[in-house]
Amino acid sequence: MKRKIIFAALGISLAAALFSSMIAAAACRSEAAAQVGRALSGYMNIFEEQLAGAESEGSLQALAEDFAAETGVRVTLLSADGIAVADSGGEAGEDFSGREEVAAAVETGEGRAEGPEGGDTVRLCRKTGQNALVLLAADAPSFGAAWGGVFPAFAGAMALILLCGLAVAWMTASFALKPVEKLTREVAIGAGREIHTDAPPLQPLVKMLNEMNADLESKVAKMKEDRSIEKLILNSMEHGIVIFRSASDVILINRTAERLLDYEKNEPIRCFSEDREIAAILEEGEAASVSRRIEGRDYSFRFTFKKQGSVLLITDVTETVAAARSKNDFIANVTHEMNTPLTSIRGFAELIAADGVPPERIGHAARTIIRQSDRLSALIRRIINFSAIDSDALPDYEVDLSALLGEVLPSFEPRIAEKKIAFTQEVEEGVKVMSRRERLIEIVNNLVSNGIRYNKEGGTLTVRLTGGAHPVLCVRDTGVGIAEEDKTRIFDRFYTVDKSHGGEGGGFGLGLAIVKKLCLRAGWKLSVESTLGEGTEFKIEFAPEK
Ligand code: ADP
């Protein structure tokens, strides 16, 4: 930039110096020509006097030559029609009538011309008394000569002007560019900072830069925030997501997918080549799903293929699979539970119909048929009960749970005695809970009857109720206990740990599912602690009264 300004200033100074020297040369030349013209006028007067004294025509040539030798002026004497009679610089007889100065003299008495015609001369022609014409011509300096004359002086001046011009240009450029350079430095090092300048002409630019900076900063901040939100969403998703072009060209992968696929950065996704079914899907390029079990949970791998990249969505389907499993359990359980009494009922009925039962055994057969029918009814009732919980919208009221236990627990005494179980009640008086009697009876019945059913002969069973702000009901037994892997599943519908446990008093796998559902709806916390072979404790922490 600075160099450009200096070169421009240099060019302009050079052109100005040349131009002014030419104007000066033209002026000098014009002044010289005027001086020559004035001298010619003087010579013309003198020559006219000498011509008047000339004796003969023959002496005219000598007169002209003498005068020319004396003055250095070319003298030509012309007849009235412009033909040379005598000429100090040429031959007599030459025709000058076409010359501008001659024509003017013929017309007006005197003519004057200068210029290149016949060289850089000044010419003066005048009519004399004898009706003849005198033409005097003298050399005048040409433009080149005049310029050559003035140029040395101008060359010195030019050099001086050039030097001054250079210095001025240098100083101007430095002065003008200093704030720009300072601003450039500030912009370069001060990324994100506010820029300042002392130069008023640069203020609008600085203002604009600062505004652009601020705008840019807020846009960058917004972009960063958007990206971190996107990242947060992706990484907090429980679904795994992978966008990829190939196993080794992964565009995006979230944390869940990284963990499930055991993915390491810059390494290809292993299962894409090692898992044959997945490799076949990728080869095919058609949307498809496969199920895989990872770390004890079930996942669905859904592949879709788009132009911009392929997408793998990994969804945890453990609950869905468990629900399907639970449904299968239900079918197996119900089939089994219904089949056993039905076979028994049909067997006895057929025997009676075929008169195959001795009269003294008829009563026993009829009682068996009634017992098995009761079991079938109980199963059906439980299924109805379970599904009725969802549609139960009856209002809660305060129930005295201590009193309710006092009414319900005695009904278990025959079964407790039958199994020789040591039964303990630690029931605080007047513990009240917001619920409905039938729901609490259902809960107590299920927990206590399980405590008896899954107890050992001669075991213990304790029912404890504590009050206060957070009433707690515990039913603890020293029975068979529950294995760790079954602890979460015992609350599933129709799940029974051991089908052989199913006896006449239950075994449908619905009791704990009903308890769990009732607790969930009421906002109570249901928990189980158990050691296989040692015993189990179910605990319900009732919600505090509002
Ligand atoms: P069921 O009608 O089979 O008793 P539940 O839903 O009440 O159905 O119980 C589900 C399963 O949980 C039972 O099959 C049993 O294996 C286990 N279970 C429930 N209570 C106890 C307990 N107190 N001790 C040991 N196992 C239990």
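Reading guide: rules and limits
- Residues numbered from 1 in each chain as written.
- Predicted model: local features only at pLDDT ≥ 70, side-chain atom pairs only at ≥ 80, totals over all residues.
- Heavy atoms only, no water.
- Pairing = 2+ DSSP bridges.
- Helix = DSSP H or I, 4+ residues; strand = E, 2+ residues; numbered from the N terminus.
- Axes fitted to C-alpha atoms, helices over the stretch in contact; angles between N-to-C directions.
- Buried < 20%, exposed > 50% of the residue type's maximum accessible area, 1.4 Å probe, protein only.
- Polar contact = N/O pair within 3.5 Å; in protein donor to acceptor, adjacent residues only side chain to side chain.
- Contact = heavy atoms within 4.5 Å.
- Near = heavy atom within 4 Å.
- Nonpolar A, V, L, I, M, F, W, Y, C, P; charged D, E, K, R; others polar.
- Patch = residues over 30% accessible without salt bridge, like charges linked within 9 Å, V, L, I, M, F, W, Y side chains within 5 Å.
- Areas by Shrake-Rupley, 256 points an atom, 1.4 Å probe, with all protein chains shown as cover.
- Salt bridge = Lys/Arg side-chain N within 4 Å of Asp/Glu carboxyl O.
- Lys, Arg positive; Asp, Glu negative; His and termini not counted.
- Charge placed at Lys NZ, Arg CZ, Asp CG, Glu CD.
- Expected span 1.5 Å × (residues − 1).
- Phe/Tyr/Trp six-rings, centres within 6.5 Å; stacked < 30°, edge-to-face > 60°.
- Lys NZ or Arg CZ within 6 Å of the ring centre and 35° of its normal.
- Parallel < 35°, antiparallel > 145°, perpendicular 65-115°, else oblique.
- Left-handed = near helix turned anticlockwise from the far one by under 90°.
- Domains from an automatic or database assignment.

Let us now look at the sheet that holds strand 14 (residues 460-466). Strand order in this open sheet of five strands is 12-14-15-17-16, and the pairing throughout is mixed. One side of each edge strand has no neighbouring strand; the edge strands of this open sheet are strand 12 (422-427) and strand 16 (525-531). Here the average twist between neighbouring strands, direction ignored, is 10 degrees. For strand 14 and strand 15 (residues 472-477), the ladder comprises six bridges, and the chain directions are antiparallel.

Locating N254 in the fold gives a position in the loop between strand 7 (249-253) and helix 6 (255-261). N254 sits in the buried class, given a relative accessible area of 0%. Within the structure, N254 has its side chain in polar contact with the backbone oxygen of L234 (distance 2.8 Å). Beyond its immediate sequence surroundings of up to four residues, N254 is in contact with L234, N235, M237, H239, G240 and I241.

With that settled, the discussion passes to the site of the ligand. Lining the immediate surroundings of the ligand are 19 residues, of which N450, R453, Y454, D477 and L512 lie closest. Within the side chain of N450, an N or O atom sits 2.8 Å from an oxygen atom of the ligand. Interatomic distance of 3.3 Å between a backbone N/O atom of G511 and an oxygen atom of the ligand. Mapped onto the shell around the ligand, the elements with two or more residues apiece are helix 13 (437-453), helix 14 (511-522) and strand 17 (535-541). For the shell around the ligand, the class distribution of residues is 10 nonpolar, seven polar and two charged.

Another aspect to go through is the sheet that holds strand 6 (residues 240-246). Within the open sheet, the five strands sit side by side as 7-6-10-9-8. Their pairing is antiparallel. One side of each edge strand has no neighbouring strand; the edge strands of this open sheet are strand 7 and strand 8 (288-294). Within this sheet the neighbouring strands show an average axis-to-axis angle of 25 degrees, counted without direction. Summarising the sheet, strand 6 and strand 10 (residues 310-316) pair through five bridges and their orientation is antiparallel. Bridge pairing in strand 10 links V242 to L312.

Let's shift gears to a positive patch on the surface. Together, R227, K231, R255 and K265 give the surface a local cluster of positive charge. When you line up the elements, R227 lands in helix 5 (residues 203-236). Of the residues examined, R227 reaches a relative accessible area of 57% and is grouped as exposed.

To continue, consider helix 10 (residues 359-391). Between its terminal C-alpha atoms helix 10 stretches 49 Å, which fits the 48 Å expected from 33 residues at 1.5 Å a residue. When we look at burial in helix 10, the residues that qualify are A365, T368, I369, Q372, R375, L376, L379, R382, F386 and I389. Residues of helix 10 that are buried sit in contact with helix 9 (318-353), helix 13 and helix 14.

Counted by the stated rule, this structure contains six aromatic pairs. On the numbers, 6.3 Å between centres and 90 degrees between planes, the contact of F491 with F538 is edge-to-face. Linking F491 in the loop between strand 15 and helix 14 with F538 in strand 17, this pair joins segments that are 47 residues apart in sequence. A single burial state applies to F491 and to F538, both of which are buried. Taken together, the ring pairs connect Y43, F47 and F67 into an aromatic cluster. A cation over an aromatic ring shows up here: K517 above the ring of F386, its NZ or CZ 4.1 Å from the ring centre.

Following the sequence through the fold, G479 ends up in the loop between strand 15 and helix 14. Judged by relative accessible area, G479 falls into the buried class, the value being 0%. In sequence terms G479 and K456 are 23 residues apart; their C-alpha atoms lie 5.0 Å from each other. Excluding anything up to four places from it in sequence, G479 contacts Y454, N455, K456, G533, E534 and G535.

With that settled, consider the packing of helix 9 against helix 10. Where helix 9 meets helix 10, the closest approach of the two axes is 9 Å, and the angle between their N-to-C directions is 155 degrees. When the axes of helix 9 and helix 10 are compared, the pair comes out roughly antiparallel. Remark: the crossing between helix 9 and helix 10 carries left-handed chirality. From helix 9, F330, V334, E337, M338, P341, L342, S344, I345, F348, A349 and I352 reach across to helix 10, where they touch I362, A365, T368, I369, Q372, S373, R375, L376, L379, I380 and I383. Of the residues that constitute the contact of helix 9 with helix 10, the class distribution is 16 nonpolar, four polar and two charged.

This brings us to unusual backbone geometry. Its identity is not glycine, yet N266 carries a phi of approximately 65 degrees, on the positive side. Positionally, N266 belongs in the loop between helix 6 and helix 7 (271-274). With a relative accessible area of 75%, N266 lands in the exposed category. Within the chain, D355 stands out as a residue other than glycine whose phi angle is a positive 55 degrees. Note on placement: D355 falls in the loop between helix 9 and helix 10.

Entries for the protein in the domain assignment read domain 1 (2-145), domain 2 (203-232), domain 3 (237-316), domain 4 (321-387) and domain 5 (394-541). Of note, the centres of domain 1 and domain 3, computed from C-alpha atoms alone, are 108 Å apart.

Inspection of the secondary structure puts A221 in helix 5. Sequence separation between A221 and R439 is 218 residues; the distance between their C-alpha atoms is 57 Å.

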